[in-house]
Amino acid sequence: MTSRNNIIAAIDIGTTKIVAIMGEVDADGRLRIIGMEKTVSRGVKRGVIHSIEDTIGAISEVVDRLAEKTNKDISTVYVGIAGQHIRSIKNRQFKYIQNGIGEITKQDVEEIINENFRIPIEIGEQILHVIPQDYVVDKEAGIRNPIGMAGRRLDGNFNIIIGRTASARNIVKCVKEVGLEIEELVLEPLASSLSVLSEEEKEAGVVLVDIGGGTTDITVYFDGILRHTAVIPFGGDIVTRDIKEGCSVLIKQAEALKIQFGEAVADLVDEEKVVTIPSVGGWDPKEISFKTLAQIIQCRMEEIIDSVKFQIEITGLHDKIGAGIVLTGGGALLTNLDVLTQKQTGIDVRIGYPGASSKIILDETLNQPIYATGIGLMLKGLNKPRKKIQNQNTDKNKTGKKKGFQKFFSALFDTDDLKM
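Residues numbered from 1 in each chain as written. Predicted model: local features only at pLDDT ≥ 70, side-chain atom pairs only at ≥ 80, totals over all residues. Heavy atoms only, no water.

K.L.:
Honestly, the side chain of Asn367 in this entry has me stumped. Any pointers?
P.N.:
One can find Asn367 in the loop between β19 (360-361) and α10 (372-383). For Asn367, a relative accessible area of 17% translates into the label buried. Within the structure, the side chain of Asn367 is placed 2.7 Å from the backbone nitrogen of Gly355, a separation counted as a polar contact. Ignoring anything within four residues of it in the chain, the contact list for Asn367 reads Tyr353, Pro354, Gly355 and Leu362. (Helix = DSSP H or I, 4+ residues; strand = E, 2+ residues; numbered from the N terminus. Buried < 20%, exposed > 50% of the residue type's maximum accessible area, 1.4 Å probe, protein only. Polar contact = N/O pair within 3.5 Å; in protein donor to acceptor, adjacent residues only side chain to side chain. Contact = heavy atoms within 4.5 Å.)

Rendered as structure tokens:
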């Protein structure tokens, strides 16, 4: 019989789909996926839950099917959080070293990090992650780990990721309503980066573009550190709606056209090719040119890529993206999207598949960009499946003075893997 400690489960609550995945850790410490179930997402818009009842129903459906398929019960899960409400800001903090030994200690670093949680943010928002960028010790800049260094003043530059408290509460409520506990709530772009990016790419400089149904998530890494996060409020769904309007077809037909015949570069499409939409409900059959379809898709994708390019430029790292742009998520499968992205940005582009990590064993059906976030959530669990249980009591004692939802986030958002 398999120990429950060897089982890791994750739920990816997306705009177009809800996926539940289960894996088992083998003797070599690798994670073998033993089951996956998905269903249409009925209560989520642009990555945010809009109908508690519909979302609970969808989660319950995939979890029940997964338990039945694997013959294993799920009690705790890793769950992603995303949406248009996620944003990041830069902040700088400093402190004078007054510990008597004239050296910077771990406590000094923790104090300067924790000071970031005091910065003013909008009502209804919550700081999710504080990610150190670099430190300055007595005007000596560019230091990644200042602990043990002699100095009188410590400055730190930080990337602060912020999200709406209500969005996280709604996710927690939906998962708890189906009888599950959240082991950890993970930012979805960070989960995707675990499954499709290598450490070498993060060191060299890389941009991950995760194109989902409702949003496009962007993360920028350089020197192994997450430098920037942004969410574009457009994804694959808006392309489908453009096709629906531009070709005067039903939304289901538009989605099928996009998946089966859609391309991102109109100049590469044969002008002679057409597809015939059969008659529905008394309407006459309709012929749609592949070229027309591609023009509609290219117009919208250029807009999304322009937004990606803008986000790269505001980081000031455009010339340091040595590993290029990695496209993942369901939208990354659009034919020639990599060609269009490279042409518009001038940066090398590849498609990101979650099977890139040697820590996980996938079959071909799961090694798809559409499952990048779900597989990343599993990898998050693989990194510390047992440690988390042990740490929660310790965290509880340390954060006794924290109130309400701040305590909740202190327990759920673990930034150990993000520290330098």
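More follows now that the structure is in view.
K.L.:
I keep staring at the side chain of Glu125 and nothing clicks. Help me out?
P.N.:
As for its position among the elements, Glu125 is in strand β8 (residues 125-137). Polar contacts involving the side chain of Glu125 include one to the side chain of Arg87, which spans 2.8 Å.

K.L.:
Honestly, the confidence of the model for the chain in this entry has me stumped. Any pointers?
P.N.:
For any part of a model where pLDDT is low, the fine detail of the predicted coordinates should not be relied upon. For the chain, the mean per-residue pLDDT works out to 86, and 89% of the residues sit at or above 70. When the elements of the chain are averaged for pLDDT, helix α11 (residues 387-398) gives the smallest value, 39, and strand β17 (residues 324-328) the largest, 97. Note on residues 385-420: pLDDT is under 50 here. Beyond four places in sequence and across chains, it has 53 contacts. (pLDDT = per-residue confidence, 0-100.)

K.L.:
Would you take a moment to explain the packing of aromatic side chains for this structure?
P.N.:
Aromatic rings in a pair are described by how distant their centres are and how their planes are angled relative to each other. This model, assessed by the stated rule, comprises 3 aromatic pairs. Ring geometry for Phe94 against Tyr96: centres 5.8 Å apart, planes inclined by 85°, an arrangement best described as edge-to-face. Look at Phe261 and Phe290: their rings are 5.1 Å apart centre to centre, the planes differ by 45°, and that puts the pair in the tilted class. Of this pair, Phe261 sits in helix α7 (residues 251-261) while Phe290 sits in helix α8 (residues 290-315), and the two are 29 residues apart along the sequence. Overall, Phe261 belongs to the partly exposed group, its relative accessible area being 26%. In this arrangement the basic side chain of Arg153 is found over the ring face of Phe94, its NZ or CZ atom lying 4.1 Å from the centre. Over the ring of Phe234 we find Arg300, and its NZ or CZ is 5.4 Å from the ring centre. (Phe/Tyr/Trp six-rings, centres within 6.5 Å; stacked < 30°, edge-to-face > 60°. Lys NZ or Arg CZ within 6 Å of the ring centre and 35° of its normal.)

K.L.:
What's the story with the sheet that holds strand β12 (residues 206-211) in this structure? I'm lost.
P.N.:
Strand pairing in a sheet is mediated by backbone hydrogen bonds. Such pairs are either parallel or antiparallel. Reading across the sheet, the 5 strands line up as β14-β13-β12-β17-β18 and stay open at both edges, with mixed pairing between neighbours. Two strands in the sheet have a free side with no partner beyond their single neighbour: β14 (225-232) and β18 (349-351). Each strand axis lies, on average, 20° off the axis of its neighbour in the sheet, ignoring direction. Sheet topology note: the strand β13 (residues 216-222)/β14 ladder contains 7 bridges and is antiparallel. Looking across to β14, one finds that Ile218 is bridged to Ala230. (Pairing = 2+ DSSP bridges. Axes fitted to C-alpha atoms, helices over the stretch in contact; angles between N-to-C directions.)

K.L.:
Quick question: what am I supposed to make of the pattern of salt bridges here?
P.N.:
Scanning the entire structure with this criterion turns up 22 salt bridges. Glu61 is the salt-bridge partner of Arg42, the closest N and O atoms lying 3.7 Å from each other. Here the residue Arg42 occupies a position in the loop between β3 (31-40) and β4 (44-45), and Glu61 occupies one in helix α1 (residues 52-70), the gap between them amounting to 19 residues. When the shortest N-O distance is used, the salt bridge between Lys95 and Asp108 registers 3.0 Å. A residue pair is termed long-range when its members are at least 10 positions apart, and Lys95 in strand β7 (residues 87-96) and Asp108 in helix α2 (residues 106-114) qualify at 13 residues. (Salt bridge = Lys/Arg side-chain N within 4 Å of Asp/Glu carboxyl O.)

K.L.:
Is there a simple way to think about the environment of Asp319 in this case?
P.N.:
By the element assignment, Asp319 lies in the loop between α8 and β17. Remark: the alpha-carbon pair of Asp319 and Ile347, spanning 28 residues in sequence, is separated by 9.2 Å.

K.L.:
Explanation requested: helix α9 (residues 337-345) in the structure shown.
P.N.:
The periodicity of an α-helix, 3.6 residues per turn, causes residues three or four positions apart to be oriented the same way. Those residues of α9 that fall on the buried side of the exposure criterion are Leu337, Leu340, Thr341, Gln344 and Thr345. Seen end-on, α9 carries its buried residues on one side only, within an arc spanning 110°. Residues of α9 that are buried in the fold lie against β12, α8, β17 and β18. Phi turns positive one or two residues past the end of α9, at Gly346, with a value near 75°. (Arc of directions from axis to C-beta.)

K.L.:
What am I meant to see in helix α3 (residues 165-177) here?
P.N.:
In this model α3 runs 18 Å from its N-terminal to its C-terminal C-alpha over 13 residues, within 8% of the 18 Å that 1.5 Å per residue would give. Those residues of α3 that sit buried are Thr165, Ser167, Ala168, Ile171, Val172, Cys174 and Val175. At the C-terminal side of α3, Gly179 shows a positive phi close to 85°. (Expected span 1.5 Å × (residues − 1).)

K.L.:
What is the right way to read the environment of Asn71 from this model?
P.N.:
Relative to the helices and strands, Asn71 is located in the loop between α1 and β6 (76-81). For the pair Asn71 and Gly35, spaced 36 residues apart in sequence, the C-alpha separation works out to 9.9 Å.

K.L.:
Teacher, can you tell me more about the packing of helix α4 (residues 188-196) against α10 here?
P.N.:
Helices that pack against each other are described as a pair by the angle of their axes relative to one another and the distance between those axes. One way to put it is that α4 packs onto α10 with a least axis distance of 7 Å and a crossing angle of 80°. One way to sum up the angle between α4 and α10 is to call them roughly perpendicular. Contact with α4, carried on its side by Glu188, Ala191, Ser192, Leu194, Ser195 and Val196, involves Ala372, Thr373, Ile375, Gly376, Leu377, Leu379, Lys380 and Asn383 of α10 and no other residues of that element. Class assignment for the residues of the contact of α4 with α10 results in 7 nonpolar, 5 polar and 2 charged. (Parallel < 35°, antiparallel > 145°, perpendicular 65-115°, else oblique. Nonpolar A, V, L, I, M, F, W, Y, C, P; charged D, E, K, R; others polar.)

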